[in-house]
Each structure stands twice: as C-alpha cells, then as structure tokens.
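What the coordinates show
Take a look at the letters that make up each chain.
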Amino acid sequence: MTYIAKPRFHHPSLQANAVGYTRRDYEGKISTLCAGCGHDSISAAIIQACWELDIQPHRVAKLSGIGCSSKTPDYFLGASHGFNTVHGRMPSVLTGANLANRDLLYLGVSGDGDSASIGLGQFAHAMRRGVNMVYIVENNGVYGLTKGQFSATADRGSKSKKGVINHDSPVDLVGLALQLGATYVARGFSGDKEQLVPLIKGAIAHQGAAFIDVVSPCVTFNNHAGSTKSYDYVREHNEAVSRIDFIALGAEITASPAPGETIDLPQPDGSIMRLRKLHADHDPTDRVAAMNHVQALQAKGEVVTGLLYAEPDAQDLHEALGTCATPLNALPQEKVCPGAAALERINAGLR
Ligand SMILES: Cc1ncc(C[n+]2csc(CCOP(=O)(O)OP(=O)(O)O)c2C)c(N)n1
Ligand code: SF4
Ligand SMILES: [Mg+2]
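Think of each chain on its own: its residues are numbered from 1, step by step along the sequence as written. Here every chain gets a letter starting at A, and every ligand a number starting at 1, in the order they are written. With pLDDT at 70 or above as the cut-off, local features in this predicted model cover only qualifying residues; side-chain atom pairs require 80 or more to be listed or tallied, and sums for whole chains, interfaces and linings still use all residues.

Mapping N98 onto the fold places it in helix 3 (residues 90-100). Between the C-alpha atoms of N98 and P327, which are 229 residues apart in sequence, the distance is 9.2 Å. Once C-beta atoms have been placed from the backbone, residue pairs whose C-beta atoms lie within 7 Å are recorded as contacts. Contacts of N98, omitting those with residues within four sequence positions, involve Y106, V131, N132 and M133. Numbering goes from the N terminus for both helices and strands, where a helix is a DSSP run of H or I of at least four residues and a strand is a run of E of at least two.

What follows is the structure in structure tokens.
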C-alpha cells in the first residue's frame, strides 16, 4: 500500500467540538484512490459524523477486508484502532473484537466484493447475531481493486465497461440484512452527503447490527452508460423514502413536525432520528412492510435510499449471550483464567 502522511498542522481558528477535537483530528492519511471515487466521499461523511457526534477517536475500532473500499479506513480516523483483515473476513474479526471489548465503537468498512461475493457467509452471520456495530458496504458493483470484474451486487442486464452483459441475478445486501434480522438497515449514495451523514450518525447511536449499503460509483471501471452503479444512473433513479434529521441528545429542536408526516425514532443514547416521510406507505418500524416496500420500488428499477428499517428496542449479541460488561483486557488474571477446579465445575454442569 502507498502511504502519504498528511501534514499535522491546521489553521488555528478551526472549530473544536465538545471533546476538544477539530475535524482534522478525524482525518487519516492522504487518499490514494482514483480522483472522483465514491469511496472518498464516504470517508468524508464518516469524518463529519464522528466529529459532529463528539466521538473520541481512540474509542473507535475500524475494521475492513480487502479492496479499494477496505483501504479507506487508512484515510479517516487516523488516531483510532484499525485492523485490515483478510478478503471477506472482516465480520468474524469484528465479532471477536466486539465480544472481547464492548466499550469501543465498532466500524466495519467493506466492499460489495468483500461482503457479497467472498464474504457473503460472514456478512450473513454478523447480521443475524446482532453484533453491535456500524457495517458500511461501499457498493460499486465491481471488484475495483482487481480491475473491474462484475461483483455479486451487479444488476442483471447491466453492462461492463468493455460491453459485456451481466446475466447473473444480483445479491441485494439491504434485502438480505432485513431478512437476516439486522436492526438498523439503510441505503445511501456517496453523492448525497446530506442524507449519508445522518444515516451514519443514526447507525452509530443504534445498539445492535446497523447496516448501511452505500452506492459508491467506481469512476475507473463502472461509471459508464449501461451501468446501474454510475453517478448518472443513481442520480436519475434515486428514490429516497424519507428526509432524515439526526437530533443529538440535548440539541435544540427548532421546527415542530406536522402530525403524520414525520416519524421520531428515539435511540438508546437519547438522540432522535426524525424521518420526514416522502412515501406515505413506508413504515420504517415494520420489518415485513419495509421489505415489501423496498422490493416493490426496486422492481421498478429505482435505487431506494434512506433509513429503511430501524428497531428501537434492538437486542445486541452481548445482551443475548449475557456476557461480562468489563472488557477482557481489564479483568484480573484470576477472572480470565479461574483455574482447573472452576473448569471442572463448568464441565460437570454440562454432563
Ligand atoms: C482470498 C482473496 N481472494 C481474492 C483476492 C483478490 N481481491 C482483492 S480485492 C478483490 C475484490 C474487491 O472488491 P470490493 O470488495 O468490491 O472492493 P472495491 O475494490 O470494489 O472497493 C479481490 C477479488 C484477495 N485479495 N484475497
Ligand atoms: S478503481 Fe474504482 S473503486 Fe478503486 S479507487 Fe479507483 S474508482 Fe475507486
Ligand atoms: Mg466493489
């Protein structure tokens, strides 16, 4: 990998957030991706969301697989913990890290190849187990890093840069996440930061498996006529189900919503996701209705974006397993390794 460190100085008048950091403190190294790649816009949205939410960078663990998308954690949150895993294996490493220390914010960054092709099994199990994480797929429909082969999310009938037609059915990660039990499911577009930043903030505030599929055009291999993941196609077919405001705990609420037009989804940390409905028949709190609505729009060729589903009282993996609240690295030795007699008692209880 090529690394270009950013200069550390910044303008003295840059605004600091409530924990004393400027936006620059949430940046990483200089990106080596192609100019115009959607993935860089997603990095910028993550930086903005974390700065605005006053997150301390050292409280974040960012994990990824392999791909242009999976390289991006190097370009944001340079002071956070990071782990570039093997292709398609980010979810299991994230699950293990999360089980060992629930005190960090887990941010999984992946690609459509990484999560829908080689890593589909891993993706599925992380969703169904309810791992408390923000899982972002930067979806361009191709394997960008290995020069633009169709990935499993490429739509049937879409055309490659060299004119080859894709005959396979696409894997719809949003549909899968909904079916598998993810408790926060959204789709964004790298070209719509206004929508993406609150979607990321809501995912961070959510306590459970939060998944965001972000359509993120690959300008080098998949941004031509005939592609359904190009900037033009998504702009022309983007169907947002709602407009989203993220209202942090204690923030002033200026406008009062008109009844029936907005839905307030309270988050466990006291913040509120306020959705201004654009589709009267979309209910983001009803999983089956959300699945039906999304599929009906997708069948018409629309790229459905927004917060598609959120379960306010979600249960995460720690709650389900009843694990110890203290991170394992903070437990004394006698708790982590209680000895042969304790093991014998456990074994006896299972006989
Ligand atoms: C086990 C394994 N198989 C194949 C590869 C080759 N490989 C590297 S990245 C990649 C695809 C990346 O596609 P995606 O996840 O969509 O990321 P993008 O580059 O499009 O952002 C492949 C097949 C690899 N590195 N490791
Ligand atoms: S090859 Fe595509 S996905 Fe990779 S950096 Fe370039 S534009 Fe982005
Ligand atoms: Mg890709």
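There's plenty left to go through after this.
Turning next to the site of ligand 2. Around ligand 2, a shell composed of L33, C34, C37, H39, C68, N140, G144, L145, C218, V219, T220 and F221 is seen. For this classification, Asp, Glu, Lys and Arg are treated as charged, while Ala, Val, Leu, Ile, Met, Phe, Trp, Tyr, Cys and Pro are nonpolar and the rest, including Gly, are polar. Taken together, the residues of the shell around ligand 2 break down into eight nonpolar, four polar and no charged. Think of it this way: take the backbone, place a C-beta atom on it, and check whether that atom is within 6 Å of the molecule or strand, in which case the residue is near it.

The next subject is the sheet that holds strand 10 (residues 242-247). In sheet architecture, strand pairing relies on hydrogen bonds along the backbone and comes in two forms, parallel and antiparallel. With antiparallel pairing, three strands are arranged side by side in an open sheet as 10-12-11. The open sheet has two free edges, formed respectively by strand 10 and strand 11 (262-266), since each of these has just one partner strand. Going across the sheet, the axis of each strand differs from the next one's by a mean of 20°, ignoring polarity. Each pair of strands is called paired provided DSSP finds at least two bridges between the two strands. Here six bridges tie strand 10 to strand 12 (residues 272-277), and the two strands are oriented antiparallel to one another. In the sheet register, I247 faces strand 12, and the bridge partner there is I272. Relative to the sheet, helix 7 (residues 193-205) contacts strand 10 and strand 12, its axis offset from that of strand 10 by approximately 55°. Only the stretch in contact is used when a helix axis is fitted, and all axes are lines through C-alpha atoms; the angle between N-to-C directions ranges over 0 to 180 degrees.

A separate point is the pairing of strand 13 (residues 303-310). Residues with at least 20 neighbouring C-beta atoms inside 10 Å of their own are called buried, those with 12 or fewer are called exposed, and the rest are partly exposed, where every C-beta is derived from the backbone. Most of strand 13 is tucked away: seven of the eight residues are buried. The sheet contact formed by strand 7 (residues 184-189) and strand 13 spans four bridges and is antiparallel. Along strand 13, the bridge assignment pairs V185 with Y309. When strand 9 (residues 238-240) meets strand 13, the two strands line up parallel, connected through three bridges. Bridge pairing in strand 13 links E239 to V304.

The next thing to look at is the environment of A205. Looking at the secondary structure, you find A205 in helix 7. C-beta crowding within 10 Å serves as the criterion here: with 23 such atoms nearby, A205 is assigned to the buried category. When the C-alpha atoms of A205 and K193 are compared, they prove to be 18 Å apart, with 12 residues separating the residues in sequence. Excluding its chain neighbours within four sequence positions, the residues that come into contact with A205 are Q267, D269 and S271.

Next up on the list: the site of ligand 1. Neighbouring residues of ligand 1: 18 residues in total, closest G67, S69, G111, G113 and G144. Of all the elements in the fold, those that place two or more residues in the shell around ligand 1 are helix 2 (68-71), helix 4 (112-117) and strand 5 (142-143). Per element, the largest residue contribution to the shell around ligand 1 is three residues, and it comes from helix 4. Taken together, the residues of the shell around ligand 1 sort by class into six nonpolar, nine polar and three charged.

For the rest of this paragraph, the subject is the packing of helix 6 (residues 173-180) against helix 9 (residues 287-299). Packing of helix 6 against helix 9 brings their axes to within 10 Å, and their N-to-C directions diverge by 165°. The angle between helix 6 and helix 9 falls in the class roughly antiparallel. Seen from above, helix 6 lies across helix 9 with left-handed handedness. Residues V174, G175, L178 and Q179 of helix 6 lie in contact with helix 9, whose contacting residues are R287, A290, M291, V294 and Q295. When an angle is under 35 degrees it counts as roughly parallel; over 145 it counts as roughly antiparallel; between 65 and 115 it counts as roughly perpendicular; any other value is oblique. For any helix crossing, the convention is left-handed if the near helix is rotated counterclockwise from the far helix by under a right angle, and right-handed if that rotation is clockwise.

Glancing now at the nonpolar core. Among the nonpolar cores identified, the biggest contains 71 residues, and V185, I200 and F211 are the most heavily contacted of them. Among the elements that take part in this core, helix 1 (residues 38-52) stands out by supplying eight residues, more than any other. When residues no more than four places from it in sequence are discounted, the contact partners of I200 are A45, I46, A49, V134 and I212. Each nonpolar core reported here comprises buried Ala, Val, Leu, Ile, Met, Phe, Trp, Tyr and Cys residues connected via C-beta atoms within 7 Å. Residues L33, C37, C68 and Y143 belong to the second largest nonpolar core, which totals nine residues.

Expected span of a helix: the number of residues minus one, times 1.5 Å. An ideal rise of 1.5 Å per residue puts 18 Å on 13 residues; helix 7 measures up with 18 Å between its terminal C-alpha atoms. Across the 13 residues of helix 7, 11 count as buried, placing the element largely inside the fold. Residues of helix 7 that are buried include every one of Q195, L196, V197, P198, L199, I200, K201, G202, A203, I204 and A205, and no others.

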